[in-house]
Amino acid sequence: QVQLVESGGGLVQPGGSLRLSCAASGFTFSKYAMSWYRQTPGKERELVAVISSSGGSTNYADSVKGRFTISRDNVKNTVYLQMNSLKSEDTAVYYCNARAIVVLTSTTYDYWGQGTQVTVSS
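Quick look at the structure, then. Quick caveat, the model's predicted, so the values are computed rather than measured. (Residues numbered from 1 in each chain as written. Predicted model: local features only at pLDDT ≥ 70, side-chain atom pairs only at ≥ 80, totals over all residues. Heavy atoms only, no water.)

## Brief notes about the overall build of the protein chain
Okay, step 1: Counting secondary structure elements, the protein chain contains zero helices and eleven strands.
Okay, step 2: When its helices and strands are written in sequence order, the protein chain yields β-β-β-β-β-β-β-β-β-β-β.
Okay, step 3: Its C-alpha atoms give the protein chain principal-axis dimensions of roughly 50 × 30 × 25 Å.
Okay, step 4: Taken across its 122 residues, the protein chain has 37% of its residues classed as buried.
Okay, step 5: At a minimum sequence separation of 6, the contacts of the protein chain that also span at least 24 residues come to 54%. (Helix = DSSP H or I, 4+ residues; strand = E, 2+ residues; numbered from the N terminus. Buried < 20%, exposed > 50% of the residue type's maximum accessible area, 1.4 Å probe, protein only. Contact = heavy atoms within 4.5 Å.)

Take a look at the structure:
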């Protein structure tokens, strides 16, 4: 079955760094775009970063540009989010997402992890 398992969250001081990992299984990882989202209580889930299936293209939310880096390893079936210069407003539950669209059948495949908590506080 499809699994996305996030790890690497925790408590970090402002200005610190964390690296999140998301290990994927149960689907052809190299055919899926991978994203990181985050959510705080009472707010909608927010897209943080996305990377194409090959890893050749990335995009970031304006709020994390220059501080976060998304990457992937299609051999290890893992996507990463390196987070530097963390701020209190980065505190959230971070979710891993895998998405693929089959144009011929107009079918979207969309999988989510269970989330990992990131808390930035002194």
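Back to the text.
## Notes on the sheet that holds strand E7 (residues 68–73)
Sheet strands line up and pair through hydrogen bonds in the backbone, either parallel or antiparallel.
Okay, step 1: Reading across the sheet, the four strands line up as E1-E3-E8-E7 and stay open at both edges, with antiparallel pairing between neighbours. If you trace the sheet from one side to the other, it starts and ends with strand E1 (3–7) and E7, each paired once. Along the sheet, successive strands turn relative to each other by an average axial angle of 15 degrees, direction set aside. (Pairing = 2+ DSSP bridges. Axes fitted to C-alpha atoms, helices over the stretch in contact; angles between N-to-C directions.)

## Considerations on the packing of aromatic side chains
Okay, step 1: Per the counting criterion, the structure on display carries five aromatic pairs.
Okay, step 2: Arranged with centres 6.5 Å apart and planes meeting at 50 degrees, the rings of Phe27 and Phe29 form a pair that is tilted.
Okay, step 3: Measuring from centroid to centroid gives 4.7 Å for Phe27 and Tyr32, while their planes differ by 65 degrees, and the two rings are edge-to-face. The pair formed by Phe27 and Tyr32 is uniform in burial state, with each residue classed as buried.
Okay, step 4: One aromatic cluster is present, formed by Phe27, Phe29, Tyr32 and Tyr111 through successive ring pairs. (Phe/Tyr/Trp six-rings, centres within 6.5 Å; stacked < 30°, edge-to-face > 60°.)

## Remarks on the pairing of strand E3 (residues 18–25)
Okay, step 1: Relative to E3, E1 runs antiparallel, the two being bridged by five bridges. Residue pairing in the sheet places Val5 in a bridge with Ala23 of E3.
Okay, step 2: Examined bridge by bridge, E3 and strand E8 (residues 78–83) share six bridges and lie antiparallel to one another. Bridging from a neighbouring strand, Ala23 pairs with Thr78 of E8.

## Here's the deal with the nonpolar core
Okay, step 1: If you look at the biggest cluster of nonpolar residues, it comprises 29 residues, and the most contacted ones within it are Met34, Trp36, Val79, Leu81, Met83 and Tyr94.
Okay, step 2: Elements with a contribution of two residues or more to this core: E3, strand E4 (33–39), strand E5 (46–51), E7, E8, strand E9 (92–102) and strand E11 (116–120).
Okay, step 3: Of the residues forming this core, the biggest block, five residues, is contributed by E9.
Okay, step 4: When neighbours within four sequence positions are excluded, Met83 is seen to be in contact with Gly16, Ser17, Leu18, Leu20, Arg67, Phe68, Tyr94 and Val118. (Core = buried A, V, L, I, M, F, W, Y, C linked by side-chain atoms within 4.5 Å.)

## Notes on the side chain of Arg67
Okay, step 1: Counting through the fold element by element, Arg67 comes out in the loop between strand E6 (58–60) and E7.
Okay, step 2: Judged by relative accessible area, which is 10%, Arg67 ranks as buried.
Okay, step 3: A polar contact of 2.8 Å, which involves the side chain of Arg67, links it to the side chain of Asp90. (Polar contact = N/O pair within 3.5 Å; in protein donor to acceptor, adjacent residues only side chain to side chain.)

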